[in-house]
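Architecture and fold: a report
Here is what each chain is made of, one letter per residue.
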Amino acid sequence: MPWGEGPFLRFSRLMKLAESKGLDGVVLSGKKEVYYFTGFLSGRLILPTYLFYRVGKEPVLFTGTTDKKQAEASFGGEVVTYDNYKLDSRIVAYPGFVAEEAKALIREYMSNAKKIGADGWNLPHSLFLSMKNTLDEFRIIDISEDILYMRTVKDPDELELI
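Residues numbered from 1 in each chain as written. Predicted model: local features only at pLDDT ≥ 70, side-chain atom pairs only at ≥ 80, totals over all residues. Heavy atoms only, no water.

Quick look at the packing of helix α2 (residues 31-38) against helix α7 (residues 144-152) now. Between α2 and α7, whose axes approach to 12 Å, the crossing angle comes to 55°. The pairing of α2 with α7 is recorded here as oblique in orientation. When the axes of α2 and α7 are compared, the crossing they make is left-handed. Taken together, the residues of α7 that come into contact with α2 (itself represented by Lys32, Glu33, Tyr36 and Phe37) are Ile147, Met150 and Arg151. Split by residue class, the contact of α2 with α7 holds 4 nonpolar, no polar and 3 charged. (Axes fitted to C-alpha atoms, helices over the stretch in contact; angles between N-to-C directions. Helix = DSSP H or I, 4+ residues; strand = E, 2+ residues; numbered from the N terminus. Parallel < 35°, antiparallel > 145°, perpendicular 65-115°, else oblique. Left-handed = near helix turned anticlockwise from the far one by under 90°. Contact = heavy atoms within 4.5 Å. Nonpolar A, V, L, I, M, F, W, Y, C, P; charged D, E, K, R; others polar.)

Only a minority of non-glycine residues have a phi that is not negative, and only a minority of peptide bonds are not trans. Backbone geometry at Asn112 places phi at a positive 65°, although glycine is not the residue there. Structurally, Asn112 can be placed in the loop between α5 (103-109) and β5 (115-118). According to the relative accessible area criterion, Asn112 is exposed, its value standing at 59%. (Buried < 20%, exposed > 50% of the residue type's maximum accessible area, 1.4 Å probe, protein only.)

Before going further, it helps to examine the packing of aromatic side chains. Considering all chains together, one arrives at 8 aromatic pairs under this definition. Each residue in the set Trp3, Phe8, Phe11, Tyr53 and Phe75 is aromatic and connected to the rest through ring pairs, giving one cluster. Directly above the aromatic system of Tyr36 lies the positively charged group of Arg10, at a separation of 4.9 Å from the ring centroid. (Phe/Tyr/Trp six-rings, centres within 6.5 Å; stacked < 30°, edge-to-face > 60°. Lys NZ or Arg CZ within 6 Å of the ring centre and 35° of its normal.)

As a further point, take empty space enclosed by the protein. If you walk through the whole model with that rule in mind, you get 1 cavity of 30 Å³ or more. Estimated volume of the largest cavity: approximately 40 Å³. Along its surface, the largest cavity is lined by Lys31, Val34, Phe40, Leu41, Ser42, Leu47 and Thr49. Among the residues making up the lining of the largest cavity, the classes are represented as 4 nonpolar, 2 polar and 1 charged. (1 Å grid on protein atoms, 1.4 Å probe; cavity = no way out; pocket = protein on both sides within 12 Å on 5 of 7 lines; lining within 4 Å. Points joined across faces, edges and corners; volume = space filled by probe spheres on them.)

This part covers the packing of helix α1 (residues 5-20) against α2. Axis angle and axis distance: for two packed helices, these are the angle between their axes and the distance between the axes, and together they describe the pair. Orientation of α1 relative to α2, taken along the N-to-C sense of each, is 105°, at an axis distance of 6 Å. The orientation of α1 relative to α2 falls into the category roughly perpendicular. Contacts between α1 and α2 involve Pro7, Arg10, Phe11, Arg13 and Leu14 on the former and, on the latter, Tyr36, Phe37 and Thr38. For the contact of α1 with α2, a count of residues per class yields 5 nonpolar, 1 polar and 2 charged.

Moving on to helix α6 (residues 125-134). One turn of the α-helix equals 3.6 residues, which is why residues spaced by three or four share an orientation. Considered for burial, the residues of α6 that qualify are Leu127, Ser130, Met131 and Thr134. For α6, the angular spread of buried residues about the axis comes to 100°, placing them on one side. Counted as exposed and oriented over 90 degrees from the buried face of α6: His125, Lys132 and Asn133. On its buried face, α6 is in contact with β1 (25-28), β2 (50-54), α4 (95-101), α5, β5 and β6 (139-142). (Arc of directions from axis to C-beta.)

Here we take up the pattern of salt bridges. Summed over the entire model, instances satisfying the criterion amount to 9 salt bridges. For the salt bridge of Arg10 with Asp155, the shortest nitrogen-to-oxygen distance reads 3.0 Å. Remark: Asp155 occurs in the loop between α7 and α8 (156-161) and Arg10 occurs in helix α1; sequence separation between them is 145 residues. Here the two residues Arg10 and Asp155 agree in accessibility, since each one is buried. Among the salt bridges present, the one from Lys103 reaches Glu100, with a minimum N-O distance of 3.4 Å. Classification of Glu100 by relative accessible area gives partly exposed; the value is 47%. (Salt bridge = Lys/Arg side-chain N within 4 Å of Asp/Glu carboxyl O.)

Take a look at the structure:
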């Protein structure tokens, strides 16, 4: 799976941030934040996409099946999907449904994580509740300002876009 140089460098910085703060993992839910660290941006307005990172493991992008190919074309980690569109049952995957679908991934991938960094400015309450109902004990550490600070320094790929 490809991973653009810019997003890969930024993700490496996120890994270092997690280490420096003693985090066991990171969960990002804001579209801009997910794009910043993965290179993946869904064109679908109402399609929750989450980036999970557990220290020592390959990062996981959790997105709808309709965006799987696009996600795999830009993100270098694992892509896990949920059924976001089924004509006979669901046209829109609202955050509560997606958070419920994420429980299995959270249980397996984030198991034993006690200190989890998150973009608290964006973290949906439904995703927080899924984490709370799935993980034994954990604390959310808001890293929104750390990410904001990271974004003030532009990488070459970002400068090209400007």
